[in-house]
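Chains, contacts and geometry: an overview
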Amino acid sequence: MGCCKVPALIQAQVEMGLVNESEHKSLFRRESDSPQRKAASLMEQGGSFSASFGEGTPKSPKNTVLQSFKIVILSNKLNLLLPFGPLAILLHYLTDNKGWVFLLSLVGITPLAERLGYATEQLACYTGSTVGGLLNATFGNVTELIISIFALKNGMIRVVQLTLLGSILSNMLLVLGCAFFCGGLVYPRKEQVFDKGNAVVNSGLLLMAVMGLLFPAVLHYTHSEVHAGSSELALSRFSSCIMLVAYAAYLFFQLKSQPSSYTPHTEETNQSEETSEDDEDPEISKWEAIIWLSILTAWVSLLSGYLVDAIEGASVSWKIPISFISVILLPIVGNAAEHAGAIMFAMKDKLDLSLGVAIGSSIQISMFAVPFCVVIGWMMGEQMDLNFQLFETATLFITVIVVAFFLQEGTSNYFKGLMLILCYLIVAASFFVHEDPHQDDI
Amino acid sequence: MSCCKQPALIEAQVEMGSVNDLEQKSLFRRDEDATQTKEASLMEQGSLSTSSPGHIAKSPKNSVLKSIKIVILSNKLNLLLPFGPLAILLHYMIDSKGWVFLLSLVGITPLAERLGYATEQLAFYTGPTVGGLLNATFGNVTELIISIFALKNGMIRVVQLTLLGSILSNMLLVLGCAFFCGGLVFYQKDQVFDKGIAVVNSGLLLMAVMGILFPAVLHYTHSEVHAGSSELALSRFSSCIMLIAYAAYLFFQLKSQSNSYSPLDEETNQNEETSVDEEEPEISKWESIIWLSILTAWVSLLSGYLVDAIEGASVSWNIPIAFISVILLPIVGNAAEHAGAIMFAMKDKLDLSLGVAIGSSIQISMFAVPFCVVIGWMMGEQMDLNFQLFETAMLFITVIVVAFFLQEGTSNYFKGLMLILCYLIVAASFFVHEDPPQDGI
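Since we're looking at a predicted model, the values are computed, not measured.

**Here's the deal with the overall build of chain A**
- Of regular secondary structure, chain A possesses 16 helices and two strands.
- Counting over 442 residues, chain A shows a buried share of 60%.
- Once local pairs closer than 6 in sequence are excluded, the contacts in chain A between residues at least 24 apart make up 85%.
- Accessible area of chain A: about 17400 Å², with a carbon and sulfur share of 65%.

**Examining the interface of chain B and chain A**
- Contacts between chain B and chain A engage 38 residues on the former and 35 residues on the latter.
- Buried surface at the junction of chain B and chain A, summed over both partners, amounts to about 3200 Å²; 82% is from carbon and sulfur atoms.
- Here chain B is connected to chain A by zero salt bridges.
- Run the count over chain B and chain A and you get one residue pair in polar contact (both at pLDDT 80 or more).
- Elements with a contribution of two residues or more to the side of chain B that touches chain A: helix 9 (195-220), helix 10 (229-259) and helix 16 (389-405) of chain B.
- Of the residues in the side of chain B that touches chain A, the class split is 25 nonpolar, eleven polar and two charged.

**Details of unusual backbone geometry**
All names here are of chain B.
- Of note, Asn-318 is a non-glycine position whose phi angle comes to about 60°, a positive value.
- Mapped onto the elements, Asn-318 comes out in the loop between helix 12 (285-317) and helix 13 (321-333).
- At Gln-388, a residue that is not glycine, the phi angle is positive and equals roughly 70°.

**A closer look at the pattern of salt bridges**
- Taken as a whole and assessed by the stated rule, the structure comprises four salt bridges over all chains.
- Of the charged contacts, one joins A:Glu392 and A:Arg158 as a salt bridge, the two residues approaching to 3.0 Å between their closest N and O atoms. Placement of A:Glu392 in helix 15 (residues 390-406) and of A:Arg158 in helix 7 (residues 157-186) is noted, with a sequence separation of 234 residues between them.
- Across the pair B:Lys189 and B:Asp348 runs a salt bridge, and its minimum N-O distance is 2.9 Å.

**Thoughts on the UniProt feature "domain: Sodium/calcium exchanger membrane region" (unreviewed entry) in chain A**
- Summarizing the sequence annotation, UniProt attributes the feature "domain: Sodium/calcium exchanger membrane region" (unreviewed entry) to residues 100-255 and 290-431 of chain A in the numbering used throughout.
- Between the end C-alpha atoms of residues 290-431 of chain A there is a gap of 39 Å, over a span that is 84% helix and 1% strand.

**Thoughts on the packing of helix 15 of chain A against helix 16 (residues 414-432) of chain A**
Residues and elements named next belong to chain A.
- Remark: helix 15 packs on helix 16, axes separated minimally by 12 Å, with the N-to-C direction vectors making an angle of 180°. As far as their axial angle goes, helix 16 and helix 15 are roughly antiparallel. Along its contact with helix 15, which presents Phe-391, Glu-392, Thr-395, Val-403 and Phe-406, the element helix 16 presents Lys-416, Met-419, Leu-420, Val-427, Ser-430 and Phe-431.

**Digging into the packing of aromatic side chains**
All names here are of chain B.
- Taken as a whole and assessed by the stated rule, the structure comprises 17 aromatic pairs over all chains.
- Between Phe-179 and Phe-193 the ring centres are 5.9 Å apart and the planes differ by 20°, which places this aromatic pair in the stacked class. Taken together, the residues Phe-179 in helix 8 (residues 156-185) and Phe-193 in the loop between strand 1 (191-192) and helix 9 connect sequence positions 14 residues apart. Grouping residues by exposure puts Phe-179 and Phe-193 together as buried.
- Between Tyr-246 and Tyr-249, the aromatic rings sit 6.0 Å apart at their centres with planes inclined by 40°, giving tilted as the arrangement. Remark: Tyr-249 and Tyr-246 occur in helix 10; sequence separation between them is three residues, near one turn of the helix.

**Thoughts on the environment of B:Lys189**
Residues and elements named next belong to chain B.
- Summarising the element assignment, Lys-189 is placed in the loop between helix 8 and strand 1.
- Given a relative accessible area of 40%, Lys-189 falls into the partly exposed group.
- C-alpha separation for the pair Lys-189 and Ser-411, spaced 222 residues apart in sequence, amounts to 9.1 Å.
- One polar contact links Lys-189 to Asp-348, side chain to side chain, over a distance of 2.9 Å.

**Structural notes on helix 15 (residues 350-379) of chain B**
All names here are of chain B.
- With 30 residues, helix 15 extends 41 Å between its outermost C-alpha atoms, agreeing within 8% with the 44 Å of an ideal straight helix rising 1.5 Å per residue.
- Along its length, helix 15 shows its largest kink, about 35°, at Ile-364.
- Across the 30 residues of helix 15, 26 count as buried, placing the element largely inside the fold.
- Of the residues one or two after helix 15, Gly-380 is the one with positive phi, at around 85°.

**Looking at the confidence of the model for chain B**
Residues and elements named next belong to chain B.
- Model confidence for chain B is summarised by a mean pLDDT of 72, while 70% of its residues fall at 70 or above.
- Note that pLDDT drops below 50 for residues 1-64; the model gives that stretch 130 contacts with residues more than four away or on any other chain.
- A low-confidence stretch, residues 260-279 (pLDDT under 50), is modelled with 33 contacts involving residues beyond four sequence positions or located in other chains.
- For this predicted complex, the interface confidence comes out at an ipTM of 0.72, alongside a pTM of 0.74.

**Section: the packing of helix 13 (residues 336-347) of chain A against helix 14 (residues 351-380) of chain A**
Residues and elements named next belong to chain A.
- In contact at an axis separation of 7 Å, helix 13 and helix 14 are set at 155° when each is read in the N-to-C sense. With respect to helix 14, the element helix 13 is oriented roughly antiparallel. Of the two elements, helix 13 crosses helix 14, and the hand of that crossing is left-handed. Judged by residue contacts, Glu-338, Ala-342, Phe-345 and Ala-346 of helix 13 engage Leu-351, Leu-353, Ser-354, Val-357 and Ser-361 from helix 14.
- Taken together, the residues of the contact of helix 13 with helix 14 break down into six nonpolar, two polar and one charged.

What counts, and where the lines are drawn
- Residues numbered from 1 in each chain as written.
- Chains lettered and ligands numbered in written order.
- Predicted model: local features only at pLDDT ≥ 70, side-chain atom pairs only at ≥ 80, totals over all residues.
- Heavy atoms only, no water.
- Helix = DSSP H or I, 4+ residues; strand = E, 2+ residues; numbered from the N terminus.
- Buried < 20%, exposed > 50% of the residue type's maximum accessible area, 1.4 Å probe, protein only.
- Contact = heavy atoms within 4.5 Å.
- Areas by Shrake-Rupley, 256 points an atom, 1.4 Å probe, with all protein chains shown as cover.
- Buried area = accessible area lost by both parts, 1.4 Å probe.
- Salt bridge = Lys/Arg side-chain N within 4 Å of Asp/Glu carboxyl O.
- Polar contact = N/O pair within 3.5 Å; in protein donor to acceptor, adjacent residues only side chain to side chain.
- Nonpolar A, V, L, I, M, F, W, Y, C, P; charged D, E, K, R; others polar.
- UniProt positions renumbered as here; feature names shortened; annotations may be inferred.
- Axes fitted to C-alpha atoms, helices over the stretch in contact; angles between N-to-C directions.
- Parallel < 35°, antiparallel > 145°, perpendicular 65-115°, else oblique.
- Phe/Tyr/Trp six-rings, centres within 6.5 Å; stacked < 30°, edge-to-face > 60°.
- Expected span 1.5 Å × (residues − 1).
- Bend = angle between axes of the 7 residues up to and from the residue.
- pLDDT = per-residue confidence, 0-100.
- Left-handed = near helix turned anticlockwise from the far one by under 90°.

Written as structure tokens, this is what we have:
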């Protein structure tokens, strides 16, 4: 497995793609049909587009390719949602009802996010473990990053903060809880075990990242900054740079230490070799992967633009606070693929991979996406800072402590999963009745 | 031991009852005096009849009278029984609420203990599942009754503070005393308890506290959509969620306990050594039901006077209501569990002590608190989970500290002493604490 020696948390994302691939593999004959295969996978991506646009791929479809195309679309049900994207754009120009535009673009982004993950893994197989790991680590949450950058452009700083916060909470509580719950239901008689050491280290990292997020908020709310208003901004920007350095060090450390101490994962590697027979032969060629990555990113950007535009209108027409939409609804979409992956791993008794997906994604958001948005905002001239307001900061802190504590034991069962899901429901309910206090301007 | 295969935390309460049984067993010859036993225990309760005539239907025999004396002398708590009726008398005679409060407090203590006893007796007859449920619900029925009376009177703050105090008292005082006394008895070694179960229970407690926290955090960041009604709605929703979680907790405990009883098997065997006979309860099924009802009625009666007297006592003694609710009331409500936990620790059965203490905390935070919110909802009272900033912060800090403390899996007298001292600091904080007057909710 030369191309796929990647650290555990990234391995999880590779696994997700590999399992998808193995499903595809059984439908294709790899060796003899390579040009057909390329065309088929192009059609898989492109055909569903051309069904709604009548353009997209230059190659003419063959009959068997069309059959494979049908099989692929039927096996990957998410792609059924692809037409919603263009439909949302149409509606944006046709009607004034932002609620529908928001809903449809939300639904339309979901399959794109999943295909984006797939394309990233395909590319990772070509670029070697280091760059592959970096790619996965960066593009893992690219959907949320794109949505956030669009919101930043529109000056909706609060939406950015809330979306990223919601993504962390959703990963830690909902994704993890569903994984534990479903895994526990499949294995009701025993407690599933995961690597305690790894989980504790990751929780510690998450706690430190949250600590970095906390200080500007604490500074502001104790009214103890030197220059009111600009101090937290300066502190936030400085902290963000530090956190990006920390994240780079984290990646470096993971990739470096992983080949030497891969022994604990060898059993899992062997297990993965059983389930995914072949990870050295990706579905599509390197250039195709790059092209698809660009196309998908462009599509996600386009839809995100309309999505972000429609947020405020949707909030008004549905009578839901913006904070609920940003914290609960948007991250559920952005995390849909990881969600499915984590549940799948748990049901296969590979809880370490589920944890890798869930906690790893939370670390990615808190140590990379949030500081990155602050820096981007800095460059754009927007006043994005790390002061997430008191309620959100307290919620984040409490949640991270509770989850970190929960993971200390190293076992899981359906009850723990249920508790995590119920906690998420309480958090969601809190945000449903939450709006920013009016007297607080920053 | 088919009747006593119950989860650890519930097993602890069974143990308590069976050790009491053992003491009484040595005074009775079980088989021959079966009838005498029934009458004797009726008479033991019937000491009430000395102050409230016309209570017991059976006539006492001479040997029964001796048994009564022996029973009363061996179960010292029953000496306090007369204080209950005395408190009721005082309520009508004098105006000093302080005395009424004190005497009803003292009078409730033995009733709470006998209530626990009656529950365990009943649990013998109903099988492990219902028995476990009984113990889980009635374990803290004294606090529940006091809280419901306070709710009726619209004293919402007292309810919140009493339940909060019960959680704090269980986590710090009961646990600390258990560790301390156990450590004194076994001072040469560190006592060990099952780390896994302790960590799981701490995690549950942390989650329950998290559920309680959010309405308070929402309120104090002034970030609710509709000021005032938002936290109430959120509190009610969270309470329903927490009741579901508690039901799932019970279900999971009872399910997993029948599947994987192995870690507790050694303790089960030890139990068989100390309590020679757990399958033969003291009193018959209908007697325990009757006594359960009688005791519950008595506790309710006294609680009514107790709650009435709280504000008067606070004024006449110059003590803040917060202190009375958080420190004094829970000490009474938890007296029986307190004694039980210490006893287990001194017998080197720390798991049972932990089961009692932490299990009781979980019961209060995941069942009693949401249940009171729901009851308040039905009564039309505005009981919510917003425990005010000070109490909420105190609860959160305490739970984190205790959860951390339990991670190691060992205990000694020093740890116990630290927990007790922490409780003293908490008590002192509440002694000088009163609700800020400008806060309307």
